[in-house]
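Structure assessment
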Amino acid sequence: MEELDGEPTVTLIPGMNSKKKQMCFDWGPGEMLVCETSFNKKEKSETAPNCPFIYIIRKDVDVYSQILRKLFNESHGIFVGLQRIEEELTGKSRKAQLVRVSKNYRSVIRACMEEMHQFAIAAKDPASGRQFSSQVSILSAMELIWNLCEILFIEVAPAGPLLLHLLDWVRLHVCEVDSLSADVLGSENPSKHESFWNLVTVLVLQGRLDEARQMLSKEADASPTSAGMCRILGDLMRTMPILSPGNTQTLTELELKWQHWREECERHLQDGTFASSPRLESLCKIMLGDEAALLEQKELLSNWYHFLVTRLLYSHPTVKPIDLHFYAQSSLDMFLGCESSPEPLDNILMAAFEFDIHQVIKECSIALSNWWFVAHLTDLLDHCRLLQAHNLYFGSNMREFLLLEYASGLFAHHSLWQLGVDYFDYCPELGRVSLELHIERIPLNTEQKALKVLRICEQRQMTEQGELVMLLAYPLGCLGTLRPNSADITPAFSPVTPGTGRKLAFIF
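Residues numbered from 1 in each chain as written. Predicted model: local features only at pLDDT ≥ 70, side-chain atom pairs only at ≥ 80, totals over all residues. Heavy atoms only, no water.

As annotated in an unreviewed UniProt entry, the chain is Nuclear pore complex protein Nup85 from Marmota monax. Its UniProt record gives the chain the following Function (unreviewed entry) comment, quoted word for word: "Functions as a component of the nuclear pore complex (NPC)." Listed under Subcellular location (unreviewed entry) in UniProt, the entry text for the chain is "Nucleus, Nuclear pore complex". (UniProt positions renumbered as here; feature names shortened; annotations may be inferred.)

Put into structure tokens, the structure is as follows:
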């Protein structure tokens, strides 16, 4: 038996004292019923229970979030579309189509995150605001992880373009610089703004050197004494060689140009060109990839993976994918030092930089609050043919196992269960039997819902389940108003006569 990755979380149930009273429970597809019971009859039981309630503990509470339901609905269409175009995914267009699907998933995550952020701002009570803000953080982490997996596993970017993708990744997810830029540029005298040099430094840390040069030109106009130094540093920023999309130069040519440029930066630093301006000298050191100078900007870097990408930009611009894990681990160690230990997000990103897909999925399954992320990411990676050899010991593969878990959670919701049907359909090994088990447990409280379930049974030739639905729905009056030709399915109810063994009949 495998050891647990950590102690399971403890769920406290109000009013229950497990030391004095026994508890009984019963599992459901997505919920668990818990209540107090008297198990030891030798002891005298109290006349009244301490906790005279039955509690429902839900496993996937996110399905009850109005905003996250939009995430589930939108991603369902992307998922189904991906399954249907599988046969068309051939040749060179395959990767491009899979990247497009990945970007579609990310756009859905971002849309939900932005909407959740607006709810957090508009929240009237602090508790709701904190809850929405927590969801924003989770969605932001999900997009951050997904985007990195897209770069490393789906784009499979080679040396050169890899750094460009990582720069875009950091710029997208460390976006405070845009609001900072708006504040500084919106002031009457930008070069005198208290955050001016922080802005210039962040722009350099993110490799946005054209914008940094524009800011330096404002400093040169406002301060004639530093104009010469600003011009020299601006020229170094302008001439820094970097591989751009569509550029035909080889990596060898890029490395040669970069080495000459680096030597020029070192010459200016050694000659004391910026000695009279500590800020400009610090920027030159950053552009040389000086690790001490970079670590002095911890607050502006904000996290270790930003530090990693900046370090690669100015020290190893042609880094190969196979070497990423080495730089990632050393950057994490240097940035955190002895002050703190890695968070779950750090472990997930590190597993991605190590190209350990299964560890990424495992860590995400532990850290995230629902199965949506791992189910859809695993399905996409499976279409990239990266999980073909990974089967689980209990008869299913990883993709199918996670899709089954996600679909089971959807069936706990009064309307999202309809989405779960399609996820079960695309699980070839255990999907049908799982659907049969879940469809029998759907509460049939309206005629419309009963008809939907019957139609699902008809489309999949699930006769036995359809008969059971008829048997459950008819006494409740859900099918009592049906007439022939009133719907695509006209059920004919034939009551079971005692002793005859007659069953329900379907007329389609």
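There's more to say after this.
This next bit is on the packing of aromatic side chains. Going through the model one piece at a time under the given rule, you end up with 20 aromatic pairs. Residues Phe72 and Tyr406 carry aromatic rings whose centres are separated by 6.0 Å and whose planes lie at 65° to one another, so their mutual orientation is edge-to-face. Of this pair, Phe72 sits in helix 1 (residues 66-84) while Tyr406 is found in helix 18 (residues 398-410), placing the two residues 334 residues apart along the sequence. An identical accessibility class is assigned to Phe72 and Tyr406; each is buried. For the pair Tyr105 and Trp372, a centre-to-centre distance of 6.4 Å together with 80° between the ring planes defines the contact as edge-to-face. Of the two residues, Tyr105 is situated in helix 2 (residues 92-122) and Trp372 in helix 17 (residues 372-383); the sequence distance between them amounts to 267 residues. An aromatic cluster of at least three residues, connected via ring pairs, comprises Phe72, Phe79, Tyr406, Tyr423 and Tyr426. When the ring centre of Phe335 is taken as origin, the NZ or CZ atom of Lys298, which lies over that ring, is 5.3 Å away. (Phe/Tyr/Trp six-rings, centres within 6.5 Å; stacked < 30°, edge-to-face > 60°. Helix = DSSP H or I, 4+ residues; strand = E, 2+ residues; numbered from the N terminus. Buried < 20%, exposed > 50% of the residue type's maximum accessible area, 1.4 Å probe, protein only. Lys NZ or Arg CZ within 6 Å of the ring centre and 35° of its normal.)

Turning to the nonpolar core, a few remarks are in order. By size, the foremost hydrophobic cluster in this structure holds 135 residues, and its most contacted members are Trp169, Leu233, Trp304, Phe353, Trp372 and Phe373. Shared between two domains, this core takes at least three residues from each, and those domains are domain 2 (172-319) and domain 3 (387-476). If we ignore the near neighbours within four places in the chain, the residues touching Leu233 are Leu216, Phe274, Leu280, Leu283, Cys284 and Met287. (Core = buried A, V, L, I, M, F, W, Y, C linked by side-chain atoms within 4.5 Å. Domains from an automatic or database assignment. Contact = heavy atoms within 4.5 Å.)

The next subject is a nonpolar patch on the surface. Taken together, the side chains of Leu430, Val433 and Leu437 present a nonpolar region at the surface, about 230 Å² in accessible area. Locating Leu437 in the fold gives a position in helix 20 (residues 431-439). (Patch = residues over 30% accessible without salt bridge, like charges linked within 9 Å, V, L, I, M, F, W, Y side chains within 5 Å. Areas by Shrake-Rupley, 256 points an atom, 1.4 Å probe, with all protein chains shown as cover. Salt bridge = Lys/Arg side-chain N within 4 Å of Asp/Glu carboxyl O.)

Let's shift gears to the packing of helix 15 (residues 344-353) against helix 16 (residues 357-367). Two elements in contact, helix 15 and helix 16, have axes whose closest approach is 8 Å; the angle formed by their N-to-C orientations is 165°. Classified by the interaxial angle, the pair formed by helix 15 and helix 16 is roughly antiparallel. In the crossing of helix 15 with helix 16, the sense of the turn from one axis to the other is left-handed. Of the residues in helix 16, those touching helix 15 at Pro344, Asn347, Ile348, Ala351 and Ala352 are Gln359, Val360, Glu363, Cys364 and Ala367. Grouping the constituent residues of the contact of helix 15 with helix 16 by class yields seven nonpolar, two polar and one charged. (Axes fitted to C-alpha atoms, helices over the stretch in contact; angles between N-to-C directions. Parallel < 35°, antiparallel > 145°, perpendicular 65-115°, else oblique. Left-handed = near helix turned anticlockwise from the far one by under 90°. Nonpolar A, V, L, I, M, F, W, Y, C, P; charged D, E, K, R; others polar.)

Non-glycine residue Arg385 carries a positive phi angle of around 65°. Locating Arg385 in the fold gives a position in the loop between helix 17 and helix 18. Of note in this structure, Gln461 is not a glycine but carries a positive phi near 50°. With respect to the helices, strands and loops of the structure, Gln461 is situated in the loop between helix 21 (447-459) and helix 22 (463-473).

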